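Listed below are the residues making up each chain.
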Amino acid sequence: MADDEPGRPARHALLAAATLCGYAWLIAERNTSMSLVSTVAPMLPVGPGLGMIGAALADTTLRQVDHDHAGSASGLFNTSTQLGIALGTALTSVVFFAHSPAGSHGTTVTAAFTGTLWYVIAALLAMWALTLLLPKRHATD
């Protein structure tokens, strides 16, 4: 795999996708009988995992920017990240509410949530594939 160096985001994207696949399976198996703990516990590693993607991506993205332009590049990177998060949240919400009409409850909501997770997993796998196009770090970096 192209992720042979620490700090590259590919490994973390695959880990987050695998965690969400397991979470989708858990929801499909238990449906509405899941307790709060069994709902929240599998999602705890996802937050730090996505944080590891962001940190590695920032390092990869900003590594070759000239010192004179570092502030502008960092601002552009952070703005792009926030825009991506907002757009991803909005699109995920659209998919969820398209499958879960107003007033839905029970299995309709869990099916809509599970269906939405597959779109998020697909986005993570696409991100993983795109990280393979990132330039490799040279020995002098």
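Quantities reported herein were computed from a predicted structural model and do not represent experimental measurements.

Chemist: Is there a simple way to think about the overall build of the protein in this case?
Modeler: A count of helical and extended segments in the protein gives 5 helices and 0 strands. Its helices and strands taken in sequence order, the protein reads α-α-α-α-α from the N to the C terminus. By the burial criterion, 25% of the 141 residues in the protein qualify as buried. Considering only intrachain contacts with a sequence separation of at least 6, the fraction spanning at least 24 residues in the protein is 67%. Split by element, the accessible area of the protein, about 8900 Å² in all, is 69% carbon and sulfur.

Chemist: What is the right way to look at the packing of aromatic side chains in this model?
Modeler: Each aromatic ring pair is characterised by the separation of its centres together with the angle its planes make. Applying the stated criterion to the full structure yields 2 aromatic pairs. When the ring of Tyr 23 is compared with that of Phe 113, the centres are 6.1 Å apart and the planes differ by 90°; the resulting orientation is edge-to-face. Of this pair, Tyr 23 sits in helix 1 (residues 10-30) while Phe 113 sits in helix 5 (residues 107-131), and the two are 90 residues apart along the sequence. Ring geometry for Phe 96 versus Phe 97: centroids 5.0 Å apart, planes at 80°, classification edge-to-face.

Chemist: Explanation requested: the confidence of the model for the protein in the structure shown.
Modeler: Fine structural detail should not be taken from predicted coordinates in areas where pLDDT scores are low. Considering every residue of the protein, the mean pLDDT works out to 79; 87% of them sit at 70 or more. Averaged pLDDT values for the elements of the protein fall to 73 in helix 2 (residues 36-40) and rise to 90 in helix 4 (residues 70-99).

Chemist: Help me understand the packing of helix 3 (residues 46-62) against helix 4, please; the structure alone is not making it clear to me.
Modeler: The axes of two packed helices give the description: the angle between them and the distance between them. Two numbers describe how helix 3 lies on helix 4: the axes approach to 11 Å, and their chain directions differ by 140°. One way to sum up the angle between helix 3 and helix 4 is to call them oblique. Handedness of the crossing formed by helix 3 with helix 4: right-handed. Of the residues in helix 4, those in contact with Gly 54, Leu 57, Ala 58, Thr 61 and Leu 62 of helix 3 are Ala 73, Ser 74 and Phe 77. Among the residues making up the contact of helix 3 with helix 4, the classes are represented as 5 nonpolar, 3 polar and no charged.

Chemist: Even after reading the chapter, I still don't get the nonpolar core, so can you show me in this structure?
Modeler: Generally speaking, a soluble globular protein has its nonpolar side chains buried in company with each other. Counting 14 residues, the largest nonpolar core has Leu 20, Tyr 23, Ile 27, Leu 117 and Leu 124 as the members making the most contacts within it. Mapped by element, the contributors of at least two residues to this core are helix 1, helix 3 and helix 5. Once residues lying within four places of it in the same chain are set aside, the contact partners of Leu 117 are Leu 20, Tyr 23, Ala 24 and Ile 27.

Chemist: Help me understand the layout of surface pockets in this model?
Modeler: Taking a probe equal in size to a water molecule and rolling it over the atoms shows the remaining empty space. The volume enclosed by the largest pocket comes to roughly 1100 Å³. Considering the residues around the largest pocket, the lining is formed by 30 residues, among which Gly 84, Ile 85, Gly 88, Leu 124 and Met 127 are closest to the centre. If you list the elements that add at least two residues to the lining of the largest pocket, you get helix 3, helix 4 and helix 5. In terms of residue class, the lining of the largest pocket is made up of 20 nonpolar, 10 polar and no charged.

The rules behind each value
Residues numbered from 1 in each chain as written. Predicted model: local features only at pLDDT ≥ 70, side-chain atom pairs only at ≥ 80, totals over all residues. Heavy atoms only, no water. Helix = DSSP H or I, 4+ residues; strand = E, 2+ residues; numbered from the N terminus. Buried < 20%, exposed > 50% of the residue type's maximum accessible area, 1.4 Å probe, protein only. Contact = heavy atoms within 4.5 Å. Areas by Shrake-Rupley, 256 points an atom, 1.4 Å probe, with all protein chains shown as cover. Phe/Tyr/Trp six-rings, centres within 6.5 Å; stacked < 30°, edge-to-face > 60°. pLDDT = per-residue confidence, 0-100. Axes fitted to C-alpha atoms, helices over the stretch in contact; angles between N-to-C directions. Parallel < 35°, antiparallel > 145°, perpendicular 65-115°, else oblique. Left-handed = near helix turned anticlockwise from the far one by under 90°. Nonpolar A, V, L, I, M, F, W, Y, C, P; charged D, E, K, R; others polar. Core = buried A, V, L, I, M, F, W, Y, C linked by side-chain atoms within 4.5 Å. 1 Å grid on protein atoms, 1.4 Å probe; cavity = no way out; pocket = protein on both sides within 12 Å on 5 of 7 lines; lining within 4 Å. Points joined across faces, edges and corners; volume = space filled by probe spheres on them.

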